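Examining the three-dimensional arrangement
In case you want the letters, here they are:
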Amino acid sequence: MRESISRTLVRAFGLSLVLGLLLVASSVHAAGLMTPVGGDSAPLSIRSHHVDVTIEGGYAITEIEQVFHNPHSTDLEAYYSFPVPEQGTVAEFTLWIDGQPVTGEVLEKQRAREVYQQEKAAGRDAGLTEKDAYRSFDVYVSPLRARQDTRVRLVYIQPAFVDSGVGRYVYPLEEGGVDEHKLAFWSANEVVEEAFSFTLTLRSGYPVDALRLPQHAEAALQQLSDNEWQVTMNNYPGMVAPAASDSAPAESANAASGASAATATAAAAFRLDRDIVVYWRHRQGLPGGVELAAYKPEGKERGTFMMTLTPGGDLPPITTGSDWVFVLDVSGSMSAKLATLADGVVQALQRMRPQDRFRIVLFNNSAWELTRGYVPASEDKVREYARKVAGLASSGGTNLYGGLSLAMDSLDADRPTGIVLVTDGVANVGVTAQKDFLKLLERYDVRLFTAIMGNSANRPLLGVLTDASNGFAVSVSNSDDVVGHILQASAKLTRHAMNEVEIDIDGVKVADLRPQRIGSVYHGEQIVLLGHYWGGGMADVSLKAKVGGRPVSYQTRFAFPAEGGQNPELERLWAYAAIRELQREAANFGDDSDIRQAVVDLGVEYGLVTDHTSMVVLREEVFEQYGIERRNANRRELERLAKAQRAQQAPPATRVDSQQPMFGNAPQAAPGGSGSGALGPWWLLLLLPVLAALPRLRRLV
């Protein structure tokens, strides 16, 4: 039964994905300096905000430098909050003290706060960065001297995935507005009063054809080589980017296929209230393959590696249909999104076939069914329920468990069913424990597909649920390109998935592999494996899976380096992957002291801000007084040196299976689900209403 569903449900989600991706609406909550609501004094201000992003080697390093200003006659404390990037963790927090940068160190969370509070009470310079679960990173600095500026730097690191030949980076600025207590107490000053800049450098082992920023036409794009691009954006008056070249395609003001740019728009101030989303597209027709990045310091027995497998375009197409159930969040935080929610339902239902059926389940404080059972996808029923969805109102909390439980009630065992969850919130009413959600999914043979709206949605929980059901989740920003998301998804939605994927490595000792379980891999997705290895030399690598119920296998052979490598950041990436699996285990089975201590140990050793560790900045002599080792400062110096060395070289080719291709000669998945990248007629029909809706959606946002 499971395999039958894997063959047929994806098409149902293909239709209904329109719903999730059309939920594009304005956000009123943003990153910024937090001040108490109703305060009668002038808030602290952000003088400058500079962002420098480097994407290379399969991961992104984001560096943010800000200058805060205290306009008051007394010293004050600054509190700055910004959304947690997807799979991102803070690796550096630096505070300028007496004109010199001082990098923070990671301690157990409670200990870090105690040290910060002690230094704050003593009037000495100190800073603290904490993680508020999946919602935000919170930065505290004390004191901001009266009528003076204070400079800080934050650095975070995250994987950079490529899906269906298209990469995506999001600089998160929109706060999702799901923490009601925080919103009731704090308001954010998100205005950068003087200087803002954003620079992104993309260095790829594969040629890159184009970049695109769907919501920032003012960005300047420059192609430095086939494998290297740069994006720049600023609000400096008088600064004008180079004019666009004739080779830029007409599809977007800043979607370039050669060295080109849009004229930057001068502005007096910049608001930190809109995500910056950057897409890049690899050259089409590239083969699927295996990439390896490794780091093994001289004299060390153990190294760290990241292996990226990109299956080719040989997964067979899906031709059957299914039932589908929409599970729609109509809680209070969705109020600004209900108009586009209704449009999404109409578009999805109109694409169904006459033999398909649908249900619509709604939830806020409780859950109820709008359709009262399965409804045939006839024209009159589509019109009827489109009107009903258009009349919905939002209110209350988020009883996510109630919505999913009702959706799984009355499933027809003789018909494949896809459950499509669209939510921007968190489970805060009724059953909320992750283990209870997993028990619910275990009772039904069904796949869950999720459109995760906004930066503050409970991505850890929603990701666990989709993984447990062998579905997949799509994160959607308000600044995303709707059509671009559909192009990416099409490769998955029209072809079979690889199920029960296993990877074996022989000939080289490896251990501590993350993820420990791969599960299903959809067409166009990459498999990213992090781990440790000992020694070096030739290794035999095999991938085994089931496709359409039949076993398949792939093999290759390549060398692990005995030492060297220019990517020390891989150690942090492995550590954070291990921490995420520990946190997932704690959410599933309970947060015991052993798991908590393991997270603390990894966070301290590798300098990572987690749910149980924080980063504190003190005066240099005070670090010594507290007996705090300067581990992270040393690690960051090593990483900065390695990054500078990499910048002096051309982006390296990291593919290692050229001599023995793992996936034959089939091209890697490209947008549209074929090596050529062309869209099939069915997807062209799907895109027409979306394209027609875009002008109105832009007015809504």
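Throughout this document, residue positions are counted from 1 along each chain, in the order its sequence is written. With pLDDT at 70 or above as the cut-off, local features in this predicted model cover only qualifying residues; side-chain atom pairs require 80 or more to be listed or tallied, and sums for whole chains, interfaces and linings still use all residues. Side-chain metrics rest on all non-hydrogen atoms present in the structure, leaving aside hydrogens and water.

1. With respect to the pairing of strand β15 (residues 208-212)
Within a regular strand, the side chains alternate between the two sheet faces. Keep this limit in mind: Buried, partly exposed and exposed residues are distinguished by accessible area as a fraction of the type maximum, computed with a 1.4 Å probe on protein chains only: under 20%, between the cut-offs, and over 50%, respectively. Helix numbers and strand numbers start at the N terminus; a helix is a DSSP run of H or I with at least 4 residues, a strand a run of E with at least 2. By the convention used here, strands pair only if DSSP detects at least 2 bridges between them.
Of all five residues that make up β15, four are buried, and the element is covered over most of its length. In the sheet, β15 pairs with strand β19 (residues 276-282) via four bridges, with the strands oriented antiparallel. Paired with Leu211 across the two strands is Trp280, which belongs to β19.

2. Structural notes on the pairing of strand β9 (residues 136-144)
With respect to burial, β9 is a largely interior element, nine of its nine residues being buried. In this structure, strand β4 (residues 76-83) lies alongside β9, joined through seven bridges in antiparallel fashion. Pairing of Tyr80 across the sheet is with Val139, part of β9. Hairpin connection, strand β8 (residues 126-132) to β9: the antiparallel pair is bridged by three residues, and Ala133 has positive phi, about 50°.

3. Examining helix α13 (residues 631-647)
To keep things clear, this is the line we draw: What a helix is expected to span follows from its residue count: subtract one and scale by 1.5 Å.
The first and last C-alpha atoms of α13 sit 25 Å apart over 17 residues, in line with the 24 Å expected at 1.5 Å per residue. Every buried residue of α13 is accounted for by Asn632, Ala633, Arg635, Arg636, Glu639, Ala642, Lys643 and Arg646.

4. Observations regarding the environment of Gln66
Defined as follows: We call two residues in contact whenever any of their non-hydrogen atoms come within 4.5 Å of each other. Residues adjacent in sequence count toward polar contacts only when both atoms are side-chain atoms; beyond that, a polar contact is any pair of N or O atoms within 3.5 Å, and within protein one must be able to donate a hydrogen and the other to accept it.
With respect to the helices, strands and loops of the structure, Gln66 is situated in strand β3 (residues 59-69). Spatially, the C-alpha atoms of Gln66 and Val152 are 5.5 Å apart, while their sequence positions differ by 86 residues. Not counting residues up to four positions away in its chain, the partners in contact with Gln66 are Ile46, Ser48, His49, Tyr80, Thr150, Arg151, Val152 and Leu272. For Gln66, the side chain forms a polar contact with the side chain of His49, separated by 2.7 Å.

5. Re the nonpolar core
How we decide: Take the buried residues of types Ala, Val, Leu, Ile, Met, Phe, Trp, Tyr and Cys, join any two whose side-chain atoms come within 4.5 Å, and each joined set is a nonpolar core.
Of all hydrophobic cores here, the largest spans 67 residues; its most connected members are Tyr169 and Phe198. Discounting residues that sit within four places of it in the chain, Phe198 has contacts with Val51, Val53, Tyr169, Tyr171, Val231, Thr232, Met233, Ile276 and Val278. Ala294, Leu529, Val547 and Tyr554 belong to the second largest nonpolar core, which has 26 residues in total.

6. Description of the pattern of salt bridges
Side-chain pairs of opposite charge can arise whenever the charged atoms involved come near each other. Rules: For this analysis, a salt bridge means a side-chain nitrogen from Lys or Arg found within 4 Å of a carboxyl oxygen belonging to Asp or Glu.
Counted according to the given criterion, the structure contains 42 salt bridges. Here Glu384 makes a salt bridge to Lys381, at a shortest N to O gap of 3.5 Å. Residue Glu384 and its partner Lys381 are located together in helix α5 (residues 379-390), separated by three residues, close to a single helical turn. Each of the salt bridges in this network shares a partner with another, and the network as a whole consists of Glu65, Glu92, Arg151, Arg153, Arg572, Arg636, Glu637, Glu639 and Arg640.

7. Concerning the sheet that holds strand β11 (residues 162-163)
Here we have four strands laid out as an open sheet, ordered β11-β12-β19-β15, and antiparallel in their pairing. The open sheet terminates on both sides in strands that have one partner only, identified here as β11 and β15.

8. Some thoughts on the sheet that holds strand β29 (residues 498-506)
Defined as follows: Lines fitted to C-alpha atoms define the axes here, with helix axes fitted over just the stretch in contact, and angles between the N-to-C directions of these axes take values from 0 to 180 degrees.
Ordered by their spatial adjacency, four strands build an open sheet running β31-β29-β33-β34, and the pairing between neighbours is antiparallel. Strands at the two margins of the open sheet, each flanked by one partner only, are β31 (519-521) and β34 (550-560). Direction aside, neighbouring strands of the sheet carry axes that sit 35° apart on average.

9. Here's the deal with the confidence of the model for the chain
Selection criterion: Confidence scores per residue from the predictor, reported as pLDDT, run from 0 to 100.
In the predicted model, the chain carries a mean pLDDT of 80, and the fraction of residues at 70 or more is 78%. Averaged over each element, pLDDT in the chain is lowest for helix α14 (residues 681-700) (31) and highest for strand β7 (residues 105-108) (98). Long-range and interchain partners of residues 240-253, a stretch whose pLDDT sits below 50, account for 24 contacts in this model, where long-range means more than four residues apart. Predicted confidence for residues 257-266 stays below pLDDT 50, and this span has 42 contacts to residues more than four positions away or in other chains.

10. Re unusual backbone geometry
Between Ser142 and Pro143 the backbone carries a cis peptide bond, its omega angle lying at -10°. For Pro143, the position within the fold is in strand β9. A positive phi angle, close to 55°, is found at Asp98, a residue other than glycine. When you line up the elements, Asp98 lands in the loop between β5 (89-97) and β6 (100-103). A relative accessible area of 60% places Asp98 in the exposed class. The phi dihedral of Asp512 falls on the positive side, at around 60°, and the residue is not glycine. Examined against the element boundaries, Asp512 turns out to sit in strand β30 (residues 509-514). The class of Asp512 is partly exposed, set by a relative accessible area of 32%.

11. Details of the side chain of Asn632
Checked against the element boundaries, Asn632 lands in helix α13. Contact partners of Asn632, with chain neighbours within four places excluded, come to Ala91, Glu92, Thr103, Gly104, Glu105, Arg572, Tyr606, Gly607 and Met615.

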